[in-house]
Amino acid sequence: MNNENKETSRPSPRPGFVLDVDRNTPPIVFHHGENFRLEKLPVGRSRVVYPSEPLEGLSDPEGAIKDALLNPLGDSEPLPSLLKPGMKLTIAFDDISLPLPPMRKPDIRQRIIEAVLDMAAEAGVDDVHLIAALALHRRMTEDELRHAVGDRVYDSFAPKGLLYNLDAEDPEGMIVLGETPHGEDVHFCRRAAESDLLIYVNINLVSMDGGHKSTATGLAGYTGLRHHHNVHTLRNSKSIMDKDNSALHASNWRMGDVIKDAGVKIFQIETTVNNNTFGREGPLALLQKREWEWTARDRGQFIAMQRGLDLLPVKTKRRIFGGWQSPYEMTSVQAGEVEAVHKRTIENVYAQQLVTVEGQTDILTMGLPYICPYNVNSIMNPILVMCLGLGYFFNLYKGKPLVREGGVLIMSHPTPWEFHPVHHPSYIDFFEQVLIETTDPIEIEKKYEKQFAEDEWYIHLYRNSYAYHGVHPFYMWYWGSHAMQHLGRIIIVGGDQKAVRRLGFQSASTLQDALEIATDVVGPQPTITHLKNPPIVMADVI
């Protein structure tokens, strides 16, 4: 497989590292929704975990894709050998939740799907469906689908009804393939199950993605997802970014065995990207620089940007950041048998993201950006703020959490009491009706989940509008349940005070106030670790 990097005069990318804060350390940039804050961390007891610089992308992405399809990993024949005239072929692909932010054109999915379709055409395959693997996410719009698969693919398939979003509530379109030894129903897309070959096209932005989770989750509905998207499973996933210690992945792998035993033949295609989130050049490039390396021009640019954002209405800032597309570059592509492919993929993800960190901390700080998997072209409501911080950023570890048990998590985000009425209708009711009664995940799951999951109006909106499924806010709450159980206190800096209280967290106006509040839990002179993310960094805590 062609994994040679682009020829460039740029120096080799530097690995991530841990900076011990001293008197010479400048203020650190904290993401704060659609804005930023400069924060001074206490000297002598603070450290900052910095991400690695972006790895170089593949010099010939199309050539690497073709090579991967012709030289698969594991027990798999080359793709052309699997394609026959008269066969039924289904291509499923990751939805809008990946990558984050959306990448500049051409999207990786477009590159791969075009290569696969070219091979299918050469083999005389004409029964082809393309499915966005939504699970219970909202449907993608035409513009979003065009961005993912390209205009040529969209115009060739969508008008004929051959490119579409998964409808996991379609009783005729979904089937149960069987049951795992643990009693888990394996709910699956009928078209995919009845195809002679299912090709899955994946973007592994983080190590949680890919493997059997692509199909066992992406092509499933509530009947299947309830077995691993629950409090017990997610509290025993330590972490969701570390497959070998994740109950979530163990369940998906069991389901993968059932899918295979049911005769579903899968050709898995997984890719990785570098963490070139904000670009090596351009208006946001300084966000990928280490603060002490800023030039006078960088400092002036940041101050001007911050002041300008302070003056803009929220909707305008949201539109500006929502229009940002990252110049990600593909760093690897591998294809073939699911588990062999995923093993290689994870190695490539870790090569970009993993940073060794010695020991845990009393207080973990993080600045939350404007985007998460579930508010693309939308609004980051308070439940999604919780999920991004406690469900995703907290879980960006191997070994053990960055913060000790009983420690404090401090998140910086405006946390507006605001919801997208089309995308998140059940979130509004969850926030207004459920959290006002209790924030305990177990009680919420037991008392309210079934009602929201089976609500006919929510199901109608999921199927016919652009709404996340009625049960989705519950899954977001469960996603943070491991962190909530682990931590002694959760503080949000700069958030809407009423919204923060509704979440069950404590509010602070400034980072210094939050650190003072935290001493009530962890004692005086606590150790502090700041996770400098994004660009994405994952801690290997030893």
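Residues numbered from 1 in each chain as written. Predicted model: local features only at pLDDT ≥ 70, side-chain atom pairs only at ≥ 80, totals over all residues. Heavy atoms only, no water.

Q: How should the sheet that holds strand E20 (residues 538-541) be read in this particular structure?
A: Hydrogen bonds along the backbone pair up the strands of a sheet, which may run parallel or antiparallel. Spatial ordering of the open sheet is given by E13-E20-E15, a layout of three strands whose pairing is parallel. The open sheet has two free edges, formed respectively by strand E13 (354-357) and strand E15 (397-398), since each of these has just one partner strand. Sheet topology places E13 next to E20; four bridges connect them, and they run parallel. Bridging across to E20, leucine 354 finds its partner in methionine 538. (Pairing = 2+ DSSP bridges. Helix = DSSP H or I, 4+ residues; strand = E, 2+ residues; numbered from the N terminus.)

Q: I'm lost on the nonpolar core in this one. Help?
A: The tendency in soluble globular proteins is for nonpolar side chains to be buried as a group. Membership of the largest hydrophobic core comes to 161 residues, with the highest contact counts inside it found for Leu83, Ile91, Ile199, Leu219 and Ile269. When residues of this core are assigned to their parent elements, the largest contribution, nine residues, is made by helix H14 (residues 382-393). Both domain 1 (17-50 + 278-325 + 358-541) and domain 2 (61-273) contribute no fewer than three residues apiece to this core. In this structure, isoleucine 199 is in contact with Leu79, Leu89, Thr90, Ile91, Ala92, Val116, Phe267 and Ile269, ignoring residues within four places of it in sequence. Listed in part, the 20 residues of the second largest apolar core include Ile28, Ile363, Ala508 and Ala518. (Core = buried A, V, L, I, M, F, W, Y, C linked by side-chain atoms within 4.5 Å. Buried < 20%, exposed > 50% of the residue type's maximum accessible area, 1.4 Å probe, protein only. Domains from an automatic or database assignment. Contact = heavy atoms within 4.5 Å.)

Q: In this structure, what is going on with the environment of isoleucine 199? I would like to understand it.
A: With respect to the helices, strands and loops of the structure, isoleucine 199 is situated in strand E10 (residues 197-204). The exposure class assigned to isoleucine 199 is buried, which follows from its relative accessible area of 0%. The spacing of isoleucine 199 and alanine 92 is 107 residues in sequence and 6.2 Å in space, taken between C-alpha atoms.

Q: When you look at the domain arrangement of the protein chain in this model, what are you seeing that I'm missing?
A: A common way to express how large an interface is: the accessible area buried when the components associate. As assigned here, the protein chain comprises domain 1 (17-50 + 278-325 + 358-541) and domain 2 (61-273). Of note, the centres of domain 1 and domain 2, computed from C-alpha atoms alone, are 29 Å apart. Opposite the 43 residues of domain 1 that make contact, domain 2 presents 42 residues. When domain 1 packs against domain 2, close to 3800 Å² is buried across both sides, 62% of that on carbon and sulfur atoms. Of all residues in domain 1, Gln325, Tyr462 and Trp479 bury the most surface against domain 2, accounting for 19% of the area lost on that side. Linking domain 1 with domain 2 are two salt bridges, by the criterion used here. Between aspartate 170 and arginine 463 there is a salt bridge, with its nearest N and O atoms 3.9 Å apart. Our count for the domain 1 to domain 2 interface comes out at 14 residue pairs in polar contact (both at pLDDT 80 or more). Elements that contribute at least two residues to the side of domain 1 that touches domain 2 include exactly H14, E15, helix H16 (441-453), helix H17 (456-464), helix H18 (472-479) and helix H19 (481-486). Here the element with the most residues in the side of domain 1 that touches domain 2 is H16; it accounts for six residues. (Buried area = accessible area lost by both parts, 1.4 Å probe. Salt bridge = Lys/Arg side-chain N within 4 Å of Asp/Glu carboxyl O. Polar contact = N/O pair within 3.5 Å; in protein donor to acceptor, adjacent residues only side chain to side chain.)

Q: Mind showing me how you'd approach the sheet that holds E10 here?
A: The six strands lie next to each other as E7-E6-E5-E10-E11-E12, forming an open sheet whose pairing is mixed. Single-partner strands in this sheet number two, and they are strand E7 (163-165) and strand E12 (330-336). For this sheet the average axis-to-axis angle between neighbouring strands, irrespective of direction, equals 15°. Bridge count between strand E5 (residues 88-94) and E10: five bridges; the pairing is parallel. Its bridge partner lying in E10, alanine 92 is registered against tyrosine 200. Lying on the sheet, helix H13 (residues 338-353) is in contact with E10, strand E11 (266-273) and E12; it crosses E11 at an angle near 5°. (Axes fitted to C-alpha atoms, helices over the stretch in contact; angles between N-to-C directions.)

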